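Remarks on the overall topology
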Amino acid sequence: MKRYNYLKWFAVAATVGMLLIMLGGALVTKTDSGMGCGRHWPGCNGQLIPDEITTEVLIEFSHRLVTGAVGILIVILAVWSWKAIGHVRETKFLSMMAVFFLILQALIGAAQVKWGQGDFILALHFGISLISFAAVLLLTLLIFEVDKKFDADKIKVGPKLKFHTIGVTIYSYIVIYTGALVRHTESSLACADWPLCRNDQFELPSTLNEWVQMGHRTAAALIVIWLAYIAIHVFRNYRDQKVLVWSWSIALVLVLAQATTGMLSVFTRLNLSIALLHSLFVTLLFGLLTYMILLLSRVRIHK
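Residues numbered from 1 in each chain as written. Predicted model: local features only at pLDDT ≥ 70, side-chain atom pairs only at ≥ 80, totals over all residues. Heavy atoms only, no water.

**Concerning the state of the cysteines**
Applied cut-off: Any cysteine sulfur atom paired with another within 2.5 Å is treated as part of a disulfide. Three exposure classes are used, based on accessible area relative to the maximum for each residue type with a 1.4 Å probe and protein chains only: buried under 20%, partly exposed in between, and exposed over 50%.
All chains considered together, the criterion is met by two disulfides. Between the sulfur atoms of C37 and its disulfide partner C44 the distance amounts to 2.0 Å. Because the sign of the S-S torsion sets the handedness, a value of about -85 degrees for the bond joining C37 and C44 places this disulfide among the left-handed ones. Like C37, the residue C44 is buried in the burial classification. Here C191 is linked by a disulfide to C197, with a sulfur-sulfur distance of 2.0 Å. Residues C191 and C197 share a disulfide whose torsion about the S-S bond is about -85 degrees; that sign makes it left-handed. Of the two residues, C191 and C197, neither departs from the other in class, the shared state being buried.

**Regarding helix 1 (residues 5-30)**
Side chains three or four residues apart in an α-helix point the same way, a direct result of the helix having 3.6 residues per turn. Quick reminder of the rule: Helix numbering and strand numbering both begin at the N terminus, where a helix is a DSSP run of H or I of at least 4 residues and a strand a DSSP run of E of at least 2. Given the number of residues in a helix, its expected span is that number minus one, multiplied by 1.5 Å.
An ideal rise of 1.5 Å per residue puts 38 Å on 26 residues; helix 1 measures up with 38 Å between its terminal C-alpha atoms. Two residues or fewer after helix 1 comes D32, characterised by a positive phi angle close to 55 degrees.

**Describing the UniProt feature "binding site: heme" (unreviewed entry) in the protein**
Cut-off, in case you're wondering: UniProt positions are given in the numbering used here, feature names are shortened, and annotations may be inferred rather than shown by experiment. Residue contacts follow a heavy-atom distance rule, with two residues in contact if any of their heavy atoms lie within 4.5 Å. Side-chain atoms alone can form a polar contact between residues adjacent in sequence; in general such a contact is a pair of N or O atoms within 3.5 Å, and within protein one must be able to donate a hydrogen while the other accepts it.
UniProt records the feature "binding site: heme" (unreviewed entry) for H216 and H278 in the present numbering. Spatial clustering of the annotated residues is evident: they stretch over 63 residues in sequence, but the largest pairwise C-alpha distance comes to 13.4 Å. With respect to the element layout, H216 can be found in helix 6 (residues 208-237). Residues contacting H216, with those up to four places away along its chain left out, are V175, T178, G179, V182 and H278. Polar contacts involving the side chain of H216 include one to the main-chain carbonyl oxygen of V175, which spans 3.5 Å. Within the element layout of this structure, H278 appears in helix 8 (residues 272-296). A residue is classified by how much of its surface remains accessible, and H278, at 18% relative accessible area, is buried. Residue contacts for H278: discarding those within four places in its chain leaves H216, Q258, T261 and G262. Within the structure, H278 has its side chain in polar contact with the side chain of T261 (distance 3.0 Å).

**As for the environment of R89**
For R89, the position within the fold is in the loop between helix 2 (55-85) and helix 3 (91-115). Between the alpha carbons of R89 and L142 there is a distance of 9.9 Å; along the sequence they are 53 residues apart. Those residues in contact with R89, other than ones at most four positions away along the chain, are S297 and R298. There is a polar contact of 3.1 Å between the side chain of R89 and the side chain of E90.

**Describing the nonpolar core**
Nonpolar side chains in soluble globular proteins generally cluster together in the buried interior. The condition is simple: Each nonpolar core is a collection of buried residues, namely Ala, Val, Leu, Ile, Met, Phe, Trp, Tyr and Cys, held together in the definition by side-chain atoms within 4.5 Å.
Judged by nonpolar contacts, the single largest core of 71 residues is most densely connected at L77, L227, L244 and W248. Elements supplying a minimum of two residues to this core: helix 1, helix 2, helix 3, helix 4 (119-145), helix 5 (159-184), helix 6, helix 7 (242-267) and helix 8. With residues up to four places along the chain from it excluded, the contact list for L77 reads L7, F10, A11, A14, V136, L139 and I143.

**Some words on the pattern of salt bridges**
Heads up, the rule is: Here, a salt bridge means any side-chain nitrogen of Lys or Arg that lies within 4 Å of a carboxyl oxygen of Asp or Glu.
Taken as a whole and assessed by the stated rule, the structure comprises two salt bridges. E60 is the salt-bridge partner of R64, the closest N and O atoms lying 2.9 Å from each other. Here R64 pairs with E60, and both are found in helix 2, just four residues apart, close to one helical turn. Just as R64 is buried, E60 falls in that class too. One salt bridge connects R89 with E90, and the closest N-O pair in it is separated by 3.1 Å. Judged by relative accessible area, E90 falls into the buried class, the value being 9%.

**Some details on the packing of aromatic side chains**
Going by this rule: Whether two aromatic rings pair depends on their centres lying within 6.5 Å, for rings of Phe, Tyr and Trp, where Trp uses its six-membered ring; planes under 30 degrees apart make the pair stacked, over 60 edge-to-face, and the rest tilted. In this analysis the charged atom, NZ for Lys or CZ for Arg, is taken to sit over a ring once it is within 6 Å of the ring centre and within 35 degrees of the ring normal.
Scanning all chains against the criterion turns up five aromatic pairs. Geometrically, the ring pair formed by F10 and W80 is tilted, given 5.5 Å between the ring centres and 55 degrees between the ring planes. Of this pair, F10 sits in helix 1 while W80 sits in helix 2, and the two are 70 residues apart along the sequence. With a centroid separation of 5.8 Å and an interplanar angle of 45 degrees, the aromatic rings of Y171 and W226 are classed as tilted. One end of the pair, Y171, is in helix 5; the other, W226, is in helix 6, and 55 residues separate them in sequence. Across from the ring centre of F126, 5.2 Å away, lies the NZ or CZ of R183, which sits over that ring.

**Here's the deal with a nonpolar patch on the surface**
Worth spelling out the cut-off: Each patch groups residues whose relative accessible area exceeds 30% and which form no salt bridge, using 9 Å between like charges and 5 Å between nonpolar side chains of Val, Leu, Ile, Met, Phe, Trp and Tyr. In these tables, accessible area is a Shrake-Rupley quantity obtained with a 1.4 Å probe, and a residue counts as shielded only by the protein chains included in the view.
Among the surface-exposed residues, Y6, I72, I76 and W80 lie close enough to one another that they form a single nonpolar patch of about 450 Å² accessible area. Broken down by element, the nonpolar patch gets its largest block of residues, three residues, from helix 2. Within the secondary structure, I76 sits in helix 2. Look at I76 and you get partly exposed, because its relative accessible area is 41%.

The following block contains the structure:
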């Protein structure tokens, strides 16, 4: 319907903006710019707009500006969607999730600036932002479905695929948390070789940083294997259901791209572009997996 066109474009803008928040937060962490504005929030170095611009100030202050601007877009999107397509069952829940987790991640970021936080708490920051991104993405997809609602009755999945879909989505969040923990504990190069910590010998990690790094690598390897297994299962049993085939094919490509950029990050000694691509791929992967959960909530389960 034409009356939803403006809402669709607005939703796309909010989704892209949320993606920029995700990448901006990763950029702040990877460039160690979190204290670019000192212990001041929402101001920067005691000023509303800093007059002395360094690289760290530019990155941190720009991230705050983008977060604030996109936050307004998301609140408007949530209210607008609630009024326009509130009859769609997932709309109100996703609207509340998008706003709640956006505010929560902003508060955690502010608390870090003002008082500092432990590494294990800071690692949650990216994950919380990820939930907000997923909610905005799914809300956007709902808006685009209004013209022609996706007919879930045509998709049938078995209990096996349902189990693996839910399981791998939950597990992906654990992998994401371990990756964030690698960054915040400064363990990215604790193991200078790949795939083993020291390729000349096989031994258990000897320091906390090595345990964090190798723990993330192990978790990442398992999700690659798990998604490959699911993709093969779908290819063999659901070839006639193109939505499932394409979705799990893309998921497999994204997880392979994520693993590859993770490996290259070690070999290139944390090249910034590769590190940001690593964050981008995992963000898109989690968004896709949550979309599969959304579809799963609509379809019929057959044995």
